[in-house]
Amino acid sequence: MSPPAARQRQRYIANKHENNSLLKKPKKFINATLRRENEKSGAAKTNNRKYQNERSPESVNVNVGVHTAFKTFVSARLCSAICADISDCDETYNYWEPLHYIIYGHGLQTWEYSPQYALRSYTYILLQGVPGWIYERIFHPTPILIFYMVRCMLGFGCALMERFMYKSICQEFGVHIGRLWLIFQLFSAGMFISSTALLPSSFAMYFGCAALAAWWQQMYALSIFFMAIATLLGWPFAVLIGLPIAIDMLWRKQMFRTFFMWSAISAVTICVPMIVIDSSYFGKLTFAPLNILWYNVFTDHGPNLYGTEPWSYYIVNGFLNFNIIWLLSLLTPMMLVIDFIVVPAKTKSTLNFPRYITLAPYYLWLLVFISQPHKEERFLFPIYPLISLCGAITVDVYQRIFYRLKTLMVQIKAGTVGSHYLDHTMFIAILVMVIGTLLGLSRVFSLYRNYHAPMDLVMELNHFKNSNEYRSSRLYNVCVGKDWYRYPGSFFLPARNFRIRFLKSEFRGLLPAYYADDENATRITHPYFNDMNQENDYMYFPYENCHFLIDFDADKCTSLEPCYSKQSKDWSVMKSLPFLIQDKSNSFFRAFYIPFLTDSYTVYGNFNLLKSKKMKPS
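Not measured: the values here are computed from a predicted model.

### Side note on the UniProt feature "transmembrane region" (unreviewed entry) in the chain
Next, step 1: Using the residue numbers shown here, the UniProt feature "transmembrane region" (unreviewed entry) corresponds to residues 145–166, 178–199, 219–247, 259–277, 319–341, 353–371 and 424–445.
Next, step 2: Regarding residues 145–166, the helix share stands at 100% and the strand share at 0%, and the terminal C-alpha atoms are separated by 31 Å.
Next, step 3: Along residues 424–445, the helical share is 100% and the strand share 0%, with 34 Å between the first and last C-alpha atoms.

Listed below in structure tokens is the structure:
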């Protein structure tokens, strides 16, 4: 066995050579340096190298270049921007609606944006709002075009982060793991949902994972700056991702000067403009990240008012979004231990860091958030790329162990073509990639098929705007009742004279209200807002003044939630689209689309856009 320094040098040369090849077109290459070293060190070193994460010198290495990977990421994220629905009403009311207010001067306001609480940052909204505002002032597009422009911008930003991360993974973990990660990312339903969501958790994913990628390349200053953006401009809890980076710099490397200097530079660069902007909007000195941290951690009620879930919630949700890749990622620590015991090659660290610290952000995040009573799907967004990474590492370890068992049963001549572990185990990687891809695409298609109706339905109002009935001088009220949380936002309304209104339903929580018609609307404190999720009747609109009504007919009618489509004297159906009835559908077949089988196990109701036959004035 070669000494540790020689093995480290060997691994460095191999990883550097393969990373350089990523920038070129895929081709055959022979690593002469490794071949000469193997010939000198004999069979012992050959046995060690054949378990490492590089191909044997004589074999063909099919690389996906960084530029090619970036093109695939952009394609996938633009598909998400166009096709993904809004899966979380928090995205609609806490981010798309304030953005609509910034651009058009009207939109819905939630209690988090009330100056007395100031939990949300307008600085974050402005990052998306300024490009949309410029687009609107120059080209005067319809609001829906601004919506999709912002989404495409988010998707492109996510693709940039993934490109950076792909290059870092290939350098730090090896090209084989990089290839697996690329495929898992492209066909992940979780990334399809999160990559273009206008949410701080998605923003924290962009910059948090970019910080990890910079860290793996030992770009410490850039890593700290990206981490500060993710935490301060995005989501304060993203600091968990950066904790292992801080431990590495302060404990392992003792880079005290670099750490504190760049932390201070990042804090000043980000916090000063943020405090100035938010204080201007709220009319008082405001630091939103501190407010949201205080509310969620140090108040008696906090987020638990909005529901609690058992620990199994994230297990099920992780499988829906990452299928078997999620399960493999949970097994990674155990598989690494088995790999260390079973496989004779003992060089288990990656190029620059041991795996116990490079993978720590993922498991630290799971440990903290699984223990919290209040759980939401978006809380896992920041670690979605790490799920793919840990899943890829587990697949690689399975391949190494399988090869080890095979060598114990079948004699493989060392130093010959095909003696590397990947030459005998690629069927495992291909099998996992095929299953993961099929399940991912099945989930994505199921989401679009089952839940996309509200977005398509509201866009139907554009046809009314182009009809002879439409009057530009009139204010049209579009009402929602029990389906308030499925409303996609004011960007889907065709013009400024359309307003969303809330009808009283069985829901007993606090709904948003429109910003006041005032120049300083963001500074006004309203008496109807509270942080206890207590219902206020101010938000409800008179039923008789509705011009349009959006309602899901699932054949469950109550006095507060009648089946409006059956009230033919008051309403006519403009358009109706199928929408899944969850409690009447099989849980597996509603989650994944299986051709020729799903239709037999799922039940759909009608999501209706209704038009009043009376059309009373506002």
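Picking up after the structure, the text goes on.
### Quick word on the pairing of strand β7 (residues 604–612)
Side chains on a regular strand alternate between the two faces of the sheet.
Next, step 1: Taking burial as the measure, the nine residues of β7 include seven buried ones, the bulk of the element.
Next, step 2: Of the pairings in the sheet, the one linking strand β5 (residues 548–553) to β7 comprises six bridges and is antiparallel in character. Within β7, the position partnered with L549 by the bridge is L610.
Next, step 3: Here strand β6 (residues 571–580) pairs with β7 via nine bridges, running antiparallel. Residue pairing for β7: S576 is matched across the bridge by N608.

### A few points about a nonpolar patch on the surface
Next, step 1: Together, V130, W133, I134, I138 and F139 line one region of the surface with nonpolar side chains, adding up to about 510 Å² of accessible area.
Next, step 2: One can find W133 in helix α6 (residues 122–139).
Next, step 3: Given a relative accessible area of 38%, W133 falls into the partly exposed group.

### So, the nonpolar core
Next, step 1: Within the largest apolar cluster, 166 residues are counted, with the highest numbers of intra-cluster contacts made by F147, M165, W216, L389, F498 and F548.
Next, step 2: A per-element tally of this core places helix α7 (residues 143–172) first, with 14 residues.
Next, step 3: In terms of nonpolar packing, the next biggest core, distinct from the first, is built from seven residues, L503, C546, L549 and Y564 among them.

### Things to note about the state of the cysteines
Next, step 1: Evaluated as defined, the whole model comprises two disulfides.
Next, step 2: Bridging C557 to C563, the disulfide has an S-S length of 1.8 Å. In this structure the cystine formed by C557 and C563 twists about its S-S bond by roughly -85 degrees; its chirality is therefore left-handed.
Next, step 3: When the cysteines of the chain that form disulfides are numbered from the N-terminus onward, they connect as 1-2, 3-4.
Next, step 4: The structure places no disulfide on C79, whose sulfur is separated from the nearest cysteine sulfur, that of C83, by 6.0 Å.
Next, step 5: Under the relative-accessibility criterion, C79 is labelled partly exposed at 46%.

Reading the values: rules and limits
- Positions within a chain are numbered from 1, following the residues in the order the chain's sequence is written.
- Two thresholds apply to this predicted model, a pLDDT of at least 70 for residue-level local features and 80 or more for giving and counting side-chain atom pairs, whereas whole-chain, interface and lining totals are computed over all residues.
- Each side-chain value is derived from all of the structure's non-hydrogen atoms; neither hydrogens nor water enter the calculation.
- UniProt positions are given in the numbering used here, feature names are shortened, and annotations may be inferred rather than shown by experiment.
- Counting from the N terminus, the helices are DSSP H or I runs at least four residues long and the strands are E runs at least two residues long.
- Here the term buried applies to any residue with accessible area under 20% of the maximum for its type, exposed to any over 50%, and partly exposed to those in between, with areas from a 1.4 Å probe on protein chains only.
- A pair of strands is treated as paired once DSSP finds two or more bridges between them.
- Like charges are joined within 9 Å and nonpolar side chains (Val, Leu, Ile, Met, Phe, Trp, Tyr) within 5 Å, but only among residues with over 30% relative accessible area and no salt bridge; these make up the patches.
- For accessible areas, the Shrake-Rupley method is used with a probe of radius 1.4 Å. Any residue's cover is judged against the shown protein chains and nothing else.
- We define a salt bridge as a side-chain nitrogen of Lys or Arg found within 4 Å of a carboxyl oxygen belonging to Asp or Glu.
- In plain words, nonpolar cores are sets of buried Ala, Val, Leu, Ile, Met, Phe, Trp, Tyr and Cys residues tied together by side-chain atoms within 4.5 Å.
- Pairs of cysteine sulfur atoms within 2.5 Å are what we label disulfides.

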